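Structural overview
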Amino acid sequence: MLVELTMHRAATSQPSANSPIDGIRILALLPDKWRKDLRQANGEIVIRVDTADDTTSDQIQATVAQVLNDPAISHWELRTCNPLATGPSADDPT
């Protein structure tokens, strides 16, 4: 499944986070078998994930929620998990 995850900073009294570094930390904590691409890390963190299997968006959200419990990045919350349509494969003659 191909999804785009958008995370925003939770309302806390902590000083402003360094979102590019936090984005990299989140990437590192996501499952190794997922293909991941940090799309944006300026205010919000946007990561495109391709699980390359039948993982559902609910399962992806649950995994991301567990990852965001890590104390180093717990000040981030998952805002959206948008499934993306994949284009036709190169082998598809249409």
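Above: the structure in question.
Summary of the structure given here. (Residues numbered from 1 in each chain as written. Predicted model: local features only at pLDDT ≥ 70, side-chain atom pairs only at ≥ 80, totals over all residues. Heavy atoms only, no water.)

1. Notes on the side chain of T51
The residue T51 is located in the loop between β3 (44-50) and α2 (57-67) in this model. Reaching out from T51, the side chain makes a polar contact with the backbone nitrogen of M1 at a distance of 2.7 Å. Looking at T51, its side chain comes within polar contact range of the side chain of D53, at 2.9 Å. (Helix = DSSP H or I, 4+ residues; strand = E, 2+ residues; numbered from the N terminus. Polar contact = N/O pair within 3.5 Å; in protein donor to acceptor, adjacent residues only side chain to side chain.)

2. Here we look at the sheet that holds strand β4 (residues 76-83)
Remark on secondary structure: sheet strands pair via backbone hydrogen bonds, oriented parallel or antiparallel. One open sheet accounts for four strands, arranged β2-β3-β1-β4; its pairing is antiparallel. Of all the strands in the sheet, just β2 (35-42) and β4 have a single pairing partner and so form its edges. Within the sheet, the average angular offset between the axes of one strand and its neighbour, ignoring direction, is 20°. Bridging between strand β1 (residues 2-9) and β3 involves six bridges; their strand directions are antiparallel. Following the sheet pairing, L5 is matched in β3 by I47. Sitting on the sheet, helix α1 (residues 19-29) is in contact with β1, β2, β3 and β4, with an inclination near 165° to β2. Seen against the sheet, α2 touches β1 and β4 and runs at an angle of roughly 165° to β4. (Pairing = 2+ DSSP bridges. Axes fitted to C-alpha atoms, helices over the stretch in contact; angles between N-to-C directions. Contact = heavy atoms within 4.5 Å.)

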